[in-house]
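A look at the structure
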Amino acid sequence: MTESGKPLKVAVLGCGSVGSQVVRLLQEQATDLAARVGSPVELVGVAVRRLDAAREVEVPEGLLTTDAEGLVSRGDIDVVVEVIGGIEPARSLILSALEHGASVVSANKALLAEDGPTLFEAAEKAGRDLYYEAAVAGAIPILRPLRESLAGDKVTRVLGIVNGTTNFILDKMDTSGAGFADALEEAQALGYAEADPTADVEGFDAAAKAAILASLAFHTRVTDADVYREGIAEVSATDVASAREMNCVVKLLAICELREQPDGEEAVSVRVHPAMIPRSHPLASVREAYNAVFVESEAAGQLMFYGPGAGGSPTASAVLGDLVTVARNRRNDVRGPGESSYADRAVLPMGEARTRYHVAIDVDDRAGVLATVATAFAEHGVSIRTVRQEGRDDDAQLVVVSHEATDAQLSATVAHLQGMDSVREVSSVMRVEGGAE
Ligand SMILES: NC(=O)c1ccc[n+]([C@@H]2O[C@H](COP(=O)([O-])OP(=O)(O)OC[C@H]3O[C@@H](n4cnc5c(N)ncnc54)[C@H](O)[C@@H]3O)[C@@H](O)[C@H]2O)c1
Ligand SMILES: N[C@@H](CCO)C(=O)O
Ligand code: NA
């Protein structure tokens with residue numbers, strides 16, 4: 001056991017947006033952190049790519065190094081904070097840190113989602129902690145609640161708005177009627193979206209977070225390769241207006257569900273896509289670049305976790321929370337809860353996901369067309385909940401909202417519709433989530 005009073009040594013890898021705020025908080029909060037951990041928390045090294053780069057924080061003399069591997073393998077480091085991002089060298093550095101006896105705090109969703117099990121096994125073998133609250137929904141405490149507070153309950157569904165950039169864009173489209181391209185441009189001008197917005201807009205960032213959430217919620221290994229993903233680039237101003245007419249709003253959702261199978265086994269469904277949700281749903285009130293995670297569990301019922309999902313300082317708050325936890329554990333020579341994957345549930349293919357659908361179909365406006373469209377839905381076992389028709393000269397748009405069906409049933413229906421003479425185009429298909437059947 002580290003003696004009371006003996007400093008705990010911390011190394012920070014990366015001094016960008018998050019790393020600089022971690023370094024700032026470690027210095028500014030030093031007295032409180034020492035009281036909370038029970039020993040002083042001493043920053044002993046900060047690994048950077050370039051010593052002479054401009055930084056948002058003043059790093060004390062002599063702590064900067066470009067030799068990250070040398071820092072993590074010194075042998076006397078208690079906690080390594082990895083805020084470099086990306087797969088390599090972050091993974092090798094975390095593995096080396098664990099091998100050399102350090103506990104690790106990371107904000108790296110991409111790495112945790114792609115190769116979490118390798119890291120969890122290394123932490124287990126080393127008898128050290130690996131925590132990553134900042135990796136999902138930034139400052140919002142969601143991973144610790146799933147791992148610890150809800151450990152005695154059964155989580156059945158997690159619905160998350162876990163990407164601030166796309167939420168900002170969709171919110172703009174909803175409030176101003178703007179199209180996707182204009183809303184993206186505004187998000188870029190305001191610094192929410194990156195010059196290359198692919199990871200956010202195409203849903204890769206949200207899919208990584210969905211994998212991490214599903215793993216913890218369902219005690220099963222889920223990686224980003226298991227997650228069905230669709231981004232928001234195809235969401236049109238018309239889709240958003242259509243949602244508005246139904247008193248819904250379009251959000252990019254990370255959806256993790258437990259599904260009972262016909263054989264009684266429980267399997268997991270994990271998907272990221274734009275969806276309409278009723279304006280009365282708590283997630284509909286999540287505006288601008290905020291994040292929120294809505295959790296449904298058997299005993300607790302419905303819970304919502306809300307706050308800033310990104311930004312250097314908010315994300316550093318989550319990193320510091322983990323840091324205090326693992327530092328306390330190091331001081332007391334214990335480990336906190338590690339990976340829980342005992343349930344080992346199957347991950348269902350997207351075709352077996354069940355939800356409701358909003359389908360807009362451009363058709364010829366003549367007798368019998370509505371009946372043939374309804375027949376196409378019926379033939380694939382998709383039950384229709386409502387139909388709305390908007391007439392134009394000799395054509396019309398039918399907007400069908402279905403009851404719950406599988407994605408495979410819906411895809412077959414759409415293919416059928418597209419082959420019909422009276423159907424000009426299936427102009428939009430959007431899933432509808434978060435409401436009563
Ligand atoms: N910025 C956010 O709002 C946010 C929110 C949640 C999670 N995260 C995660 O936090 C991590 C860091 O994100 P960020 O926004 O601070 O990124 P950033 O690009 O601002 O900072 C990363 C820093 O790491 C440095 N770096 C790269 N390779 C290095 C190496 N080999 N050795 C030392 N330093 C190296 C870079 O020079 C850069 O300064 C990522 O995993 C990211 O996904 C960020
Ligand atoms: N790019 C991410 C940052 C946090 O992971 C977002 O827009 O939410
Ligand atoms: Na978080």
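Residues numbered from 1 in each chain as written. Chains lettered and ligands numbered in written order. Predicted model: local features only at pLDDT ≥ 70, side-chain atom pairs only at ≥ 80, totals over all residues. Heavy atoms only, no water.

Under an unreviewed UniProt entry, the name given to the protein is Homoserine dehydrogenase, and the source organism is Nocardioides dokdonensis FR1436. Listed in UniProt under the heading Cofactor (unreviewed entry), the comment for the protein reads: "a metal cation". (UniProt positions renumbered as here; feature names shortened; annotations may be inferred.)

Attention now moves to the coordination of the sodium ion (ligand 3). Protein coordination at the sodium ion (ligand 3) comes from Glu133 (O), Glu133 (OE), Val136 (O), Gly138 (O) and Ile140 (O), with a distance range of 2.4 to 2.7 Å. All donor residues of the sodium ion (ligand 3) come from one chain, and their arrangement in sequence is E-x2-V-x1-G-x1-I. The class of Gly138 is buried, set by a relative accessible area of 1%. (Donors = N, O, S within 2.8 Å, 3.2 Å for Na, K, Ca; no water. Buried < 20%, exposed > 50% of the residue type's maximum accessible area, 1.4 Å probe, protein only.)

With that settled, consider the UniProt feature "binding site: NADP(+)" (unreviewed entry) in the protein. Listed under "binding site: NADP(+)" (unreviewed entry) in the UniProt record, and renumbered for this structure, are Leu13, Gly14, Cys15, Gly16, Ser17, Val18, Gly19 and Ser20. Tracing the backbone shows Val18 in helix H1 (residues 17-28). You can see Gly19 is positioned in helix H1. When neighbours within four sequence positions are excluded, Gly19 is seen to be in contact with Val12, Gly14 and Val83. (Helix = DSSP H or I, 4+ residues; strand = E, 2+ residues; numbered from the N terminus. Contact = heavy atoms within 4.5 Å.)

This part covers the domain arrangement of the protein. Taken domain by domain, the protein comprises domain 1 (8-138 + 313-331), domain 2 (143-308) and domain 3 (350-432). Between the C-alpha centres of domain 1 and domain 3 the distance comes to 51 Å. (Domains from an automatic or database assignment.)

So, about the sheet that holds strand S4 (residues 79-82). Reading across the sheet, the 6 strands line up as S3-S2-S1-S4-S5-S6 and stay open at both edges, with parallel pairing between neighbours. Single-partner strands in this sheet number two, and they are strand S3 (64-65) and strand S6 (130-131). In terms of strand pairing, strand S1 (residues 8-13) meets S4 through 4 bridges, oriented parallel. Along S4, the bridge assignment pairs Val12 with Val81. (Pairing = 2+ DSSP bridges.)

We now examine helix H10 (residues 204-218). Compared with an ideal rise of 1.5 Å per residue, which puts 15 residues at 21 Å, H10 spans 21 Å between its outermost C-alpha atoms and is within 8% of the ideal. For H10, a buried count of 14 out of 15 residues is recorded, marking the element as mostly surrounded by other parts of the structure. Of the residues one or two after H10, His219 is the one with positive phi, at around 55°. (Expected span 1.5 Å × (residues − 1).)

So, about the site of ligand 1. In the vicinity of ligand 1 lie 19 residues, with Ser17, Val18, Lys109, Gly311 and Thr315 positioned nearest. In this structure, an oxygen atom belonging to ligand 1 sits 2.9 Å away from a main-chain N or O atom of Ser17. Between ligand 1 and the protein, one listed contact pairs an oxygen atom with a backbone N or O atom of Val18 at 2.9 Å. Protein chains bury 74% of the 830 Å² of accessible surface belonging to ligand 1 in isolation. Split into classes, the residues belonging to the shell around ligand 1 amount to 10 nonpolar, 7 polar and 2 charged. (Near = heavy atom within 4 Å. Polar contact = N/O pair within 3.5 Å; in protein donor to acceptor, adjacent residues only side chain to side chain. Areas by Shrake-Rupley, 256 points an atom, 1.4 Å probe, with all protein chains shown as cover. Nonpolar A, V, L, I, M, F, W, Y, C, P; charged D, E, K, R; others polar.)

Of all residues in the protein, 99% have pLDDT values of 70 or greater, and the mean over the chain is 96. Scored as a complex, the prediction yields pTM 0.97 and ipTM 0.98. (pLDDT = per-residue confidence, 0-100.)

A few words on the site of ligand 2. Around ligand 2, the surrounding shell consists of Lys109, Asn163, Gly164, Thr165, Asp200, Asp205, Lys209, Gly309 and Ala310. In this structure, Asp200 approaches ligand 2 through a side-chain N or O atom, which is 2.8 Å from a nitrogen atom. Within the complex, the protein chains bury 81% of what would otherwise be the 260 Å² of accessible surface of ligand 2. Put simply, the parts of the chain that give the shell around ligand 2 at least two residues each are helix H7 (164-176) and H10. By residue class, the composition of the shell around ligand 2 is 1 nonpolar, 4 polar and 4 charged.

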